Amino acid sequence: MINTPVGRSASACFLTGRFLFVLFVYLSTFLVGNVACSKLHMAPSPYKWKIPITASDRPCRSAATLLLSHRRHHHHHQPLRGGARGSTTLQSASTPTSAALTLTIPQRLLAGGASRGVAQFLLYPMDALRTLSQTRDGRTLADVGANALVRGCATTSSFAVLIGSIQFAIFGATRDTVGPVVASALGAAGSCLVSIPQEVIKQRLVTGVYSSFRNAVATIWTTEGIAGFYSGWQPTVTRNVPFVVITFTSMDLLKRYRLDYKRKQQQIDHGGDGDGNTRTIPPLTLSVQENLLIGIGSSLIGATCTHPVDVIKTRMMTQAASTAIPYSSTIDCVQTILKTEGISPLFSGFLQRSLYMGPLW
């Protein structure tokens, strides 16, 4: 087929379409970045330029930290001006000069999109196992082949650039108005515009409905239209928004608990010198290990609370992989599962999803 004129023409059209899609992703990232930048310049808060600490910006922490570390290292090796000759005194990380070493909007977009894409790429096999364990007919690797663990891995992971950009832009534009928690939820809901087609294509590739990304896109477009790319959108939004809110809230509570504990220990250790003089107490911070554990723990809390909805989402998106009568709606899916399979399938794939979501967040 590929050697026929029609086949060569179709292949050329596909390659052109793929190129245009990648171009669209990067242009959209640039435009969204400019919109976010203009919004943030209008905001009075100077902290817009800090490393993101919210659940919606969590995936870009590692890449952003690396960029800032490089810039700070470069800054510390610059000669000091206006000081004494030969002076080697450097300002601490808590001084205003060091505080200016923050990331620009394009750098944050690049860091967030790149780190999210790399994380999804590396964890793709675990997510594929989660999808298989949640299917209606209980598919395994023996049914779909071991290559299902990486089928569509690179292509679908590239969606992360645009997903992260949309999520960040919405969060940055609304944080001062509605607060960080609601802004994170709005960002999660808005990013579903891209994340739902990503999930539909990815899960149907994993379950063997389609053999390639090209075949998936062409078939869905031909047989289902644009609505096919948004199959299961209701449970997806219902999962994503509560997940972000629960994860964000849990992370904040865990950080406060840990900082309160460290503050009490610090007061004990620096209570005084015995002469009634209070010692200067250094500012409290969380270590990398503490932030890592808190991030993983909060994401697992969110994953646990939203896992039944995740199963429903997978069932709705992968109906084409089953020979059973299709679910007519999300409500019908829930009722059918409870009536014919019981409550236990609503927690299928929990271990796989936990191993996927923990490192990802």
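Residues numbered from 1 in each chain as written. Predicted model: local features only at pLDDT ≥ 70, side-chain atom pairs only at ≥ 80, totals over all residues. Heavy atoms only, no water.

1. Topic: the overall build of the chain
Alright, step 1. Counting its secondary structure elements, the chain contains 13 helices and zero strands.
Alright, step 2. In sequence order, the chain lays out its α and β elements as α-α-α-α-α-α-α-α-α-α-α-α-α.
Alright, step 3. Each of the 361 residues in the chain was classed as buried or not, and the buried ones make up 43%.
Alright, step 4. For the chain, contacts bridging at least 24 residues in sequence account for 77% of all contacts bridging at least 6.
Alright, step 5. As presented, the chain carries roughly 19,200 Å² of accessible surface, and 66% of it is formed by carbon and sulfur atoms. (Helix = DSSP H or I, 4+ residues; strand = E, 2+ residues; numbered from the N terminus. Buried < 20%, exposed > 50% of the residue type's maximum accessible area, 1.4 Å probe, protein only. Contact = heavy atoms within 4.5 Å. Areas by Shrake-Rupley, 256 points an atom, 1.4 Å probe, with all protein chains shown as cover.)

2. Digging into the pattern of salt bridges
Alright, step 1. Applying the stated criterion across every chain, the model contains 14 salt bridges.
Alright, step 2. Here D127 and K202 are joined by a salt bridge, their closest N and O atoms 2.6 Å apart. Within this pair, whereas D127 is found in helix α4 (residues 105-134), its partner K202 is found in helix α8 (residues 180-206), the two being separated by 75 residues in sequence.
Alright, step 3. Taking the shortest distance from any N to any O, the salt bridge between R353 and D310 comes out at 3.8 Å. Of the two residues, R353 is situated in helix α13 (residues 350-360) and D310 in helix α11 (residues 288-317); the sequence distance between them amounts to 43 residues.
Alright, step 4. You can call R353 buried: its relative accessible area is 3%. (Salt bridge = Lys/Arg side-chain N within 4 Å of Asp/Glu carboxyl O.)

3. Describing the nonpolar core
Alright, step 1. Counting 16 residues, the largest nonpolar core has F159, V194, I201 and I220 as the members making the most contacts within it.
Alright, step 2. Looking at this core, the elements that each hand over two or more residues are α7 (160-178), α8 and α9 (213-223).
Alright, step 3. In terms of residue count, the dominant contributor to this core is α8 (six residues).
Alright, step 4. In contact with V194, other than residues within four places in its own chain, are F159, L162, I163 and I166.
Alright, step 5. Counting residues in each nonpolar core, the second largest holds nine residues, with A119, F243, Y356 and L360 among its members. (Core = buried A, V, L, I, M, F, W, Y, C linked by side-chain atoms within 4.5 Å.)

4. Focus on α8
Every α-helical turn comprises 3.6 residues, leaving residues that sit three or four positions apart pointing alike.
Alright, step 1. At L193, α8 is deflected by roughly 55°, the largest bend along its length, and proline P197 occurs up to four residues later in sequence.
Alright, step 2. Extensive coverage of α8 is indicated by the burial of 20 of its 27 residues.
Alright, step 3. Looking one or two residues beyond α8, the residue adopting positive phi is G208, at roughly 85°. (Bend = angle between axes of the 7 residues up to and from the residue.)

5. A word on the packing of aromatic side chains
Alright, step 1. If you walk through the whole model with that rule in mind, you get one aromatic pair.
Alright, step 2. An angle of 65° between the planes, with centres 6.5 Å apart, marks the rings of F159 and F213 as edge-to-face. Pair noted here: F159 is in the loop between α6 (153-157) and α7 and F213 is in helix α9, with a separation of 54 residues, a long-range link. The two residues F159 and F213 agree in class, both being buried.
Alright, step 3. The ring of Y327 is capped by R136, whose NZ or CZ atom sits 4.0 Å from the centre of that ring. (Phe/Tyr/Trp six-rings, centres within 6.5 Å; stacked < 30°, edge-to-face > 60°. Lys NZ or Arg CZ within 6 Å of the ring centre and 35° of its normal.)

6. Description of the packing of α7 against α8
Alright, step 1. Running from N to C, α7 and α8 cross one another at 155°; their axes reach a closest spacing of 7 Å. Between α7 and α8, the crossing angle belongs to the class labelled roughly antiparallel. Here α7 runs over α8; the crossing is right-handed. On α8, the residues that touch A160, L162, I163, I166, Q167, I170, F171, T174, R175 and V178 of α7 are P180, V182, A183, S184, L186, G187, A188, G190, S191, V194, S195 and Q198.
Alright, step 2. Considering only residue class, the contact of α7 with α8 consists of 13 nonpolar, eight polar and one charged. (Axes fitted to C-alpha atoms, helices over the stretch in contact; angles between N-to-C directions. Parallel < 35°, antiparallel > 145°, perpendicular 65-115°, else oblique. Left-handed = near helix turned anticlockwise from the far one by under 90°. Nonpolar A, V, L, I, M, F, W, Y, C, P; charged D, E, K, R; others polar.)

7. Focus on the side chain of S354
Alright, step 1. Following the sequence through the fold, S354 ends up in helix α13.
Alright, step 2. The exposure class of S354 is buried, given its relative accessible area of 14%.
Alright, step 3. At a separation of 2.8 Å, a polar atom in the side chain of S354 contacts the main-chain carbonyl oxygen of F350.
Alright, step 4. Not counting residues up to four positions away in its chain, the partners in contact with S354 are L300 and P359. (Polar contact = N/O pair within 3.5 Å; in protein donor to acceptor, adjacent residues only side chain to side chain.)

8. Here's the deal with a nonpolar patch on the surface
Alright, step 1. Side chains of V178, V181, V182 and L186 sit close together on the surface and give an oily, nonpolar patch of about 260 Å² of accessible area.
Alright, step 2. Counting residues per element, the nonpolar patch draws most heavily on α8, which supplies three residues.
Alright, step 3. For V178, the location among the structural elements is in helix α7. (Patch = residues over 30% accessible without salt bridge, like charges linked within 9 Å, V, L, I, M, F, W, Y side chains within 5 Å.)

9. Section: the packing of α8 against helix α10 (residues 233-269)
Alright, step 1. The contact between α8 and α10 brings their axes to 9 Å, and the two run at 150°. The element α8 and its partner α10 pack so that their crossing is right-handed. Facing α8, whose interface residues are P180, V181, S184, A185, A188, A189, C192, S195 and I196, α10 presents W233, T236, V237, N240, V241, V244, V245 and F248.
Alright, step 2. Within the contact of α8 with α10, the residues separate by chemical class into 13 nonpolar, four polar and no charged.

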